[in-house]
Each structure stands twice: as C-alpha cells, then as structure tokens.
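Overview (structure and organization)
One letter stands for each residue in the lines below.
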Amino acid sequence: MKYHYKDLGLVNTKEMFAKANKEGYAVPAFNFNNMEQLQGIIEACVEEGSPVILQVSTGARKYIGKEMLPWLAKAATAYVEASGSDIPVALHLDHGPNYAEAKDCIEYGFSSVMYDGSHHPYDENVAEAKQVADFAHEHDVTVEAELGVLAGIEDDVVAAEHVYTQPDEVEDFVSKTGVDSLAIAIGTSHGAHKFKPGDDPKLRLDILAEIEKRIPGFPIVLHGSSAVPHQFVEMINQYGGQIADAIGIPDSELRKAAKSAVAKINVDTDGRLAFTAGIREVFAKKPGEFDPRKYVGPAKDYMKEYYKDKIRNVFGSNGAYKAGAARK
Ligand code: G3H
Ligand code: 13P
Ligand code: ZN
C-alpha cells in the first residue's frame, strides 16, 4: 500500500450512504479532471454542507497522474477542515475496467472503487466484482458494481440501446459478490446527447421500485444523470462552440430518485458544460486575455454555482453536515 485513504482524510461510502438512505437524499458524485474543477466541487459541497464523492475515471487518473492525484484529494480534505466544515469526502474510481485497475487505485489512496463489468456476461461480472470486493474489503474500501447497460458511451463501450437492469438478478448478484452498492440502468445515459428536443424523458422508476423490494435498504447508484442545462449549451454555441441541441435527465425525475434508495447520483457532463461555457465567454468577450486565472477562474465559478443549486434542488443533500466558510 503506497497510501491508505484514511491518511488522506478520506472516508469510504458506507456511512455516507446509510445516512443518505435514512434521510431521503442522494450523495453527489462529481467527476473532475483538474484542480479548478476540484475546487468548484469541494467549495460547492462545503458551502452547502453536503457529503461528496470525488469521482475519477481511468482516463482522468491518467491525465492527472497517479502520483499527484492522492495529494489533490488530500488538498481537498485539508480545505474542508480549514473551512470549519465536517463534510465527509470519498475518492472514487469511476467505471473501473478490471481488478488490476481497482487494486492499483486502492493502493494509491482511493476510498471507494467501481468495478464495471456490466458489459460482460453475468457470471464474469459476478466473478470479477467479487474479486474486487474481497481485496477492497481487506482495506476497508467500498465497492460499486453495475448490472444492466446504459445507452450511450460508457467509457469505451458504446451501447445503442438501454438494457434495463433485471430486478430478478439483483439479489443474487449482491449476495454472490459482496459489493456495497449497485449501479442500475433505468433510462439514464452518459454524455450530452441523452434525448432529443421534443422527447419526454422519463426514468423507469417502476424498475427502481421493484429493485428496492428485492434488496431493501441497499444503496443504489444512478450513472449518466446530467441534466444538460440549456443555458450552458446556449452560451457555448453563442461564443463559438458547436454543440447540437440536446436534453438530459429532468431534475424532477432525479428528485424522485434521490428520495428513494438511490444513495449516489453521478454527474460529469453538466460540470464540463458549465466549465466550457465560462471559458468561451471570457475568450469571446475579452480576446486579449491570456492569464489562465482570468478564464479558468470564472469557469470554476459557473461550475460551483451550478452544483450548489443542484445540491439544494435535486440531491437534497444540503445541510446534511456542517457547512464551512466560503473561500476568500
Ligand atoms: O462515465 C464516464 C465519465 O463521464 C468519465 O468520462 O472517461 O471521459 O473521463 P471520461
Ligand atoms: P453524465 O455524462 O450524465 O454526467 O454521467 C456521468 C457518469 O455517469 C459518470 O460515471
Ligand atoms: Zn457513469
């Protein structure tokens, strides 16, 4: 073990999820790729008193660098403490492709890992998820696995259609693997192009209810849950970008899910859109600007304000812990 997550001030997701399910909210899991996105996320959660899962894909980990990442996470927990807040912070591997990657992340300070074998045959998914869970639990790390396939792009896997999670499988899967949470497919999908304008996006909350009956109280995870805010797509296009009109998951659908056994909701695309809109706005309005702080800073602020709003109005996780002072 190079780093244990406890030495970085992190926690696993066990207590976070138990409290979220008991109190009827969902913990936000926000992806990041760089320091400013991390600042936007941690500042939003500190100011709202919301628990947070800092989520890193395999690609993001490669981009940041595996040696640097633990210290970024440590910086985030130091910031929480200095602000006077007591929000719990987890560092989570998103869509871990195999046992080797999950193990390496655990040895480098992750407090939670996802093993995503959803595109493999059921028995292979079970076997590798169990292998990950056995190793993770030796180190008090929590594990998320997935059943069902989300339409759209799931890392390198492109699925044309949803394969909804089959409620009949969940009990067997959870008991055979020993995982701590389960990601399910009920109509969400990854990326900015989830539905077309004119569609009436709905989640299969009936399947969610059926799953809850089979594994009562077990923490459920929703991936692909960005709303694809129109205002950011419009700003991007107004300032020279080209993003086709698209819609995401309506806040009202997610709100219903957050009140159920859904304990974790993943958002990446919305943060990317807010960040990109902020940078494009500065470049369009101030073409002479070349100080990175002057364009990345406002981008961070858009992302932060969007996430604060989402925490209050969708996740419902605001005030679950002590809020901290805003950064001066
Ligand atoms: O679900 C995937 C996340 O949005 C991460 O995407 O692999 O481009 O970092 P990425
Ligand atoms: P979005 O693309 O909808 O933000 O989903 C992110 C996600 O599921 C990360 O695992
Ligand atoms: Zn995902």
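As recorded by an unreviewed UniProt entry, the protein carries the name fructose-bisphosphate aldolase and is attributed to Leptotrichia buccalis. Per UniProt, the comment on the protein under Pathway (unreviewed entry) is "Carbohydrate degradation; glycolysis; D-glyceraldehyde 3-phosphate and glycerone phosphate from D-glucose: step 4/4." Heading Sequence similarities (unreviewed entry) of the UniProt record for the protein holds this comment: "Belongs to the class II fructose-bisphosphate aldolase family."

**Comments concerning helix α2 (residues 35-48)**
Helix length check: α2 (14 residues) gives 20 Å between terminal C-alpha atoms against 20 Å at 1.5 Å per residue, within 8%. With respect to burial, α2 is a largely interior element, twelve of its 14 residues being buried. When we look at burial in α2, the residues that qualify are Gln37, Leu38, Gln39, Gly40, Ile41, Ile42, Glu43, Ala44, Cys45, Val46, Glu47 and Glu48. Looking at the buried residues of α2, the elements they touch are β1 (27-31), β2 (52-57), α4 (69-83), β3 (89-96), α11 (269-285) and α12 (292-315). Its side-chain oxygen placed 3.3 Å from the backbone nitrogen of Glu36, Asn34 serves as the N-cap of α2. Backbone geometry just after α2 places Gly49 at a positive phi near 65°.

**Some details on the pairing of strand β8 (residues 181-184)**
The side-chain alternation of β8 yields two buried faces, one formed by Ser181 and Ala183 and the other by Leu182 and Ile184. By the bridge criterion, four bridges tie strand β5 (residues 142-147) to β8 in an arrangement that is parallel. The residue of β8 that forms the bridge with Glu146 is Ala183. Where β8 and strand β9 (residues 220-222) come together, two bridges link them in parallel fashion. When the sheet's bridge partners are listed, Leu182 is paired in β9 with Ile220. Handedness of the crossover is the feature at issue here: the chain leaves β8, passes through helix α8 (residues 205-214), returns alongside β9, and the resulting connection is right-handed.

**A short note on the coordination of the zinc ion (ligand 3)**
Donor atoms from the polypeptide that bind the zinc ion (ligand 3) are His95 (NE2), His190 (NE2) and His223 (ND1), placed at 2.0 to 2.1 Å. Counting gaps between the donor residues of the zinc ion (ligand 3) yields the pattern H-x94-H-x32-H. Here His223 lies in the loop between β9 and α9 (230-238) and His95 lies in strand β3, a separation of 128 residues in the sequence. Summarising the burial analysis for this pair, His95 and His223 share the class buried.

How each quantity is defined
Residues numbered from 1 in each chain as written. Chains lettered and ligands numbered in written order. Predicted model: local features only at pLDDT ≥ 70, side-chain atom pairs only at ≥ 80, totals over all residues. Heavy atoms only, no water. UniProt positions renumbered as here; feature names shortened; annotations may be inferred. Helix = DSSP H or I, 4+ residues; strand = E, 2+ residues; numbered from the N terminus. Expected span 1.5 Å × (residues − 1). Buried < 20%, exposed > 50% of the residue type's maximum accessible area, 1.4 Å probe, protein only. Contact = heavy atoms within 4.5 Å. Polar contact = N/O pair within 3.5 Å; in protein donor to acceptor, adjacent residues only side chain to side chain. Pairing = 2+ DSSP bridges. Right-handed = clockwise from strand over helix to strand, strands pointing away. Donors = N, O, S within 2.8 Å, 3.2 Å for Na, K, Ca; no water.

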